[in-house]
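These are the residues of each chain, in order.
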Amino acid sequence: MPPKNKVVRKNRKSKSVYTPATEEAIANLEAQENLNAPENSDAQEDLTEEAGLLVDPEKNLELEKNEPNLFQLFATDLLQIPLVKVNGKIVQVVGLVAESQGPDVKIGDLCHICFRDGSHELNAEVVGFREDRVLLMPLGALQEVGPGCDVVSTNRPLSVPVGNALLGRVLDGLGNPIDDKGPIEAEDFYPLYATPPHPLRRKMVDTPLSVGVRVVDGMLTLGKGQRIGIFAGSGVGKSTLLGMMARYTTADINVISLVGERGREVREFIERDLGEEGLKRSVLVIATSDQPALIRLKSAMTATAIAEYFRDQGKDVLLMMDTVTRVARAQREIGLAIGEPPATRGYTPSVFEMLPRLLERAGAGETGSITGIYTVLVDGDDMNEPVADTVRGILDGHIVLSRRIAARNFYPAVSVLDSVSRVMPALVSREHLDAAGRVRDLLATYAEAEDLVNIGAYKAGANIKVDWALEHLEEVRGFLSQRVEDHTTFEDTDKRLLELAPYPESK
Ligand SMILES: Nc1ncnc2c1ncn2[C@@H]1O[C@H](COP(=O)(O)OP(=O)(O)O)[C@@H](O)[C@H]1O
Ligand SMILES: [Mg+2]
């Protein structure tokens, strides 16, 4: 026997119970009332005419014939409001997923699982359906959930509180502060899932965004609204590079999402890599590796939603996600738990559906921009690993960090020859582009001759281009390497780059 569902009255206070048609009719009615008011002004008359409500009674009659009257609209809406609310009951828990009989929900709805002693409740999200059961993924530990616990739907998806008060704050994966600096005053709520800006209404990426790191600003210039990946194994300097960029960038605001890091790494990042000045204009969203998979996944959406809020305020936002690989792994855990079949290397199809949906949300909007920097783990330098491969296809460029370069204590360990910023030609001057091309040429020439040079088999004068590369190598390396505490402005980088390694004939 399925447990009998509990019946409670619906909370009637919920906002806007009217359909858009009723809302419009109410607005029209209000406009008409204004028209009839004695202090009626010309401006209001214009307004009513615009709304299609003409004072001419014949015309009004016509209007009534074509459109349902307000009473009918109210009646339709009233019929749609459920007067009773049916709660669900937990019937089974397998692994990460709780199954309940009812309530009436849709995918993405936020529910509360109420503990039987009524002490507190656990938030859970509807992630699927199996036969007549609802599959719920908890946003916390399932410890105290038992059979028969009530499941109450909130009938709305998860959202995150946003506002200027977020600056300088450290949040958990759902946007709650975890830094002991008190509660955050929300100016608005943004949904965790948003649709990306309309492709045709996005601004073009045509203005450079400086990150204060020479190898990036000079060789792989980023543009406002661009999305780029940093591909690297662990311990190659991803977090350090992100910290430098956060501190030195000319973006208005940084939103930094740390997903699946160890607790120790988080503190190191905040105190060592980001520092106090970096934190001041940043918002950090953190979901450490011990958090449930759903929280780790949501934290990426939370950070993106916060970035969207600041973008809508007209700000240039730098959104950094470290790492998107761990977001994909969290989605894989969820997919496998609800019975999705594993496809490529254990990753379920939903991972490859989620990635573009998440990454497309960054970019330029109609006002403001989100420049996205996403780190991708490529362990064993396998660039064709499915997540790396998918992400590379979505983004407008990639920066590859090389373990070989880091091993020589050369930082940032960017492998310039393997990296590309696809929008760079639209961002910098012709001279800048030529100079960057020259540096690439030098690095490629040296890479070819490196083995010969190292074993002493290369004789000066044998090849004019190799001679040129060897002559300027140290100068170029000095430009590409940068200490963590060094900040170079875009203008300085540009100036230094133009003077770097001129070709022999142009000397
Ligand atoms: N710019 C740098 N200058 C000097 N050392 C660096 C630099 N970047 C990284 N390192 C060294 O590499 C180590 C790992 O860097 P980290 O940024 O934590 O890597 P990841 O985030 O890729 O695991 C650091 O502890 C530091 O010793
Ligand atoms: Mg790191």
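See the structure printed just above.
Position numbers for residues count from 1 along each chain, tracking the sequence in the order it is written. Lettering for chains starts from A, numbering for ligands starts from 1, and both go in the order in which the items are written. Thresholds applied to this predicted model are a pLDDT of at least 70 for local features of residues and 80 or more for the giving and counting of side-chain atom pairs; totals over whole chains, interfaces and linings are not thresholded and use all residues.

Q: Hey, could you run me through the site of ligand 1 in this one?
A: Around ligand 1 sit Ala232, Ser234, Gly235, Val236, Gly237, Lys238, Ser239, Thr240, Tyr411, Pro412 and Val484, and that is every residue in its neighbourhood. Residues are grouped as follows: Ala, Val, Leu, Ile, Met, Phe, Trp, Tyr, Cys and Pro are nonpolar; Asp, Glu, Lys and Arg are charged; all remaining types, including Gly, are polar. Here the residues of the shell around ligand 1 are counted per class, giving 5 nonpolar, 5 polar and 1 charged. Think of it this way: take the backbone, place a C-beta atom on it, and check whether that atom is within 6 Å of the molecule or strand, in which case the residue is near it.

Q: Explain the packing of helix 8 (residues 293-312) against helix 9 (residues 324-337) here, please?
A: In a pair of packed helices, the angle between the axes and the distance between the axes together describe the arrangement. Angles here are taken between N-to-C directions and fall from 0 to 180 degrees, while the axes themselves are lines fitted to C-alpha atoms, restricted in helices to the stretch in contact. Comment: elements are numbered from the N terminus, with helices defined as DSSP H or I runs of at least four residues and strands as E runs of at least two. Where helix 8 meets helix 9, the closest approach of the two axes is 8 Å, and the angle between their N-to-C directions is 135 degrees. Taken as axis vectors, helix 8 and helix 9 run oblique relative to one another. Viewed along their axes, helix 8 and helix 9 form a crossing whose handedness is left-handed. Taking contact as the criterion, the partners of Ala293, Leu294, Arg296, Leu297 and Ala300 in helix 8 are, on helix 9, Arg326, Val327, Ala330, Gln331, Glu333 and Ile334. Of the residues contributing to the contact of helix 8 with helix 9, the split by class is 7 nonpolar, 1 polar and 3 charged. Any angle that falls under 35 degrees is termed roughly parallel, while one over 145 is termed roughly antiparallel, one within 65 to 115 roughly perpendicular, and all others oblique. Should the near helix be turned anticlockwise from the far one by less than a right angle, the crossing is termed left-handed; should it be turned clockwise, right-handed. Two residues qualify as being in contact provided that their C-beta atoms, derived from the backbone, are within 7 Å of each other.

Q: Where do I start with the pairing of strand 19 (residues 369-377) in this structure?
A: Counting other C-beta atoms within 10 Å of a residue's own tells you its class, since 20 or more makes it buried, 12 or fewer makes it exposed, and anything in between is partly exposed; those C-beta atoms are placed from the backbone. The element strand 19 is largely enclosed, with a buried count of 9 among its 9 residues. Burial of strand 19 is two-sided: the residues Ser369, Thr371, Ile373, Thr375 and Leu377 facing one way and the residues Ile370, Gly372, Tyr374 and Val376 facing the other way are all buried. As paired strands, strand 14 (residues 227-232) and strand 19 are joined by 6 bridges and run parallel to one another. Its bridge partner being in strand 19, phenylalanine 231 is matched across the sheet by valine 376. Taken together, the 6 bridges between strand 17 (residues 316-322) and strand 19 define a ladder with parallel strand orientation. Note on strand 19: the bridge partner recorded for valine 317 is isoleucine 370. A pair of strands counts as paired when DSSP detects no fewer than two bridges linking them. Two successive antiparallel strands, strand 18 (residues 363-364) and strand 19, enclose a turn made up of 4 residues, where glycine 368 displays a positive phi of approximately 70 degrees.

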